[in-house]
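# Descriptive analysis of the structure
Single-letter residue listing:
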Amino acid sequence: MNKSLIELLIESLKKRQEKEGCFDIYWGEGELHKAICKFNPPVTIEVIEKLENKTDWVLPEDYKRFLLITNGCKLFDDPKYG
């Protein structure tokens, strides 16, 4: 299966976070700010299936793929202020 754009982006951010820790991002009007990304551990397909069966929901495939990469995240937090 080919990776989606969001999968590639998240993997890239994870690698950059592991390599650099805090990194610079550009903020409006050319300002440079430090940022960190925090990723929760992924869930398993079994957890997703259990949720769907328990609730009778059908999660979108893109969202399932996201959960298999990270069960939520905080992107571009300020390392000092959050």
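Below is a short write-up of the structure. Everything numeric in this text was worked out from a predicted model, so none of it was measured. (Residues numbered from 1 in each chain as written. Predicted model: local features only at pLDDT ≥ 70, side-chain atom pairs only at ≥ 80, totals over all residues. Heavy atoms only, no water.)

## Some thoughts on the side chain of Glu 52
- Structurally, Glu 52 is set in helix H2 (residues 45-55).
- Of note is the side chain of Glu 52, whose polar atom sits 3.1 Å from the side chain of Lys 64.
- Excluding anything up to four places from it in sequence, Glu 52 contacts Trp 57, Val 58, Leu 59 and Lys 64. (Helix = DSSP H or I, 4+ residues; strand = E, 2+ residues; numbered from the N terminus. Polar contact = N/O pair within 3.5 Å; in protein donor to acceptor, adjacent residues only side chain to side chain. Contact = heavy atoms within 4.5 Å.)

## Quick look at the packing of aromatic side chains
- If you walk through the whole model with that rule in mind, you get one aromatic pair.
- Between Tyr 63 and Phe 66, the ring centres sit 6.1 Å apart and the planes meet at 15°, which makes this aromatic pair stacked. One end of the pair, Tyr 63, and the other, Phe 66, are both in helix H3 (residues 61-69), three residues apart, so they sit about a helical turn from each other.
- A cation over a ring is seen here: Lys 14 above Phe 39, with NZ or CZ 5.7 Å from the ring centre. (Phe/Tyr/Trp six-rings, centres within 6.5 Å; stacked < 30°, edge-to-face > 60°. Lys NZ or Arg CZ within 6 Å of the ring centre and 35° of its normal.)

## Points about the sheet that holds strand S1 (residues 23-27)
- Sheet architecture is open: three strands sit in the order S1-S2-S3, paired in antiparallel fashion. Whereas interior strands pair on both sides, the edge strands pair on one side only; in this sheet they are S1 and strand S3 (73-77). Along the sheet, successive strands turn relative to each other by an average axial angle of 35°, direction set aside.
- With three bridges connecting them, strand S2 (residues 31-39) and S3 associate as antiparallel partners. Counterpart to Phe 39 in the pairing with S3 is Cys 73.
- Its contacts with the sheet place helix H1 (residues 5-20) against S1, S2 and S3, and it is angled at close to 105° to S2. (Pairing = 2+ DSSP bridges. Axes fitted to C-alpha atoms, helices over the stretch in contact; angles between N-to-C directions.)

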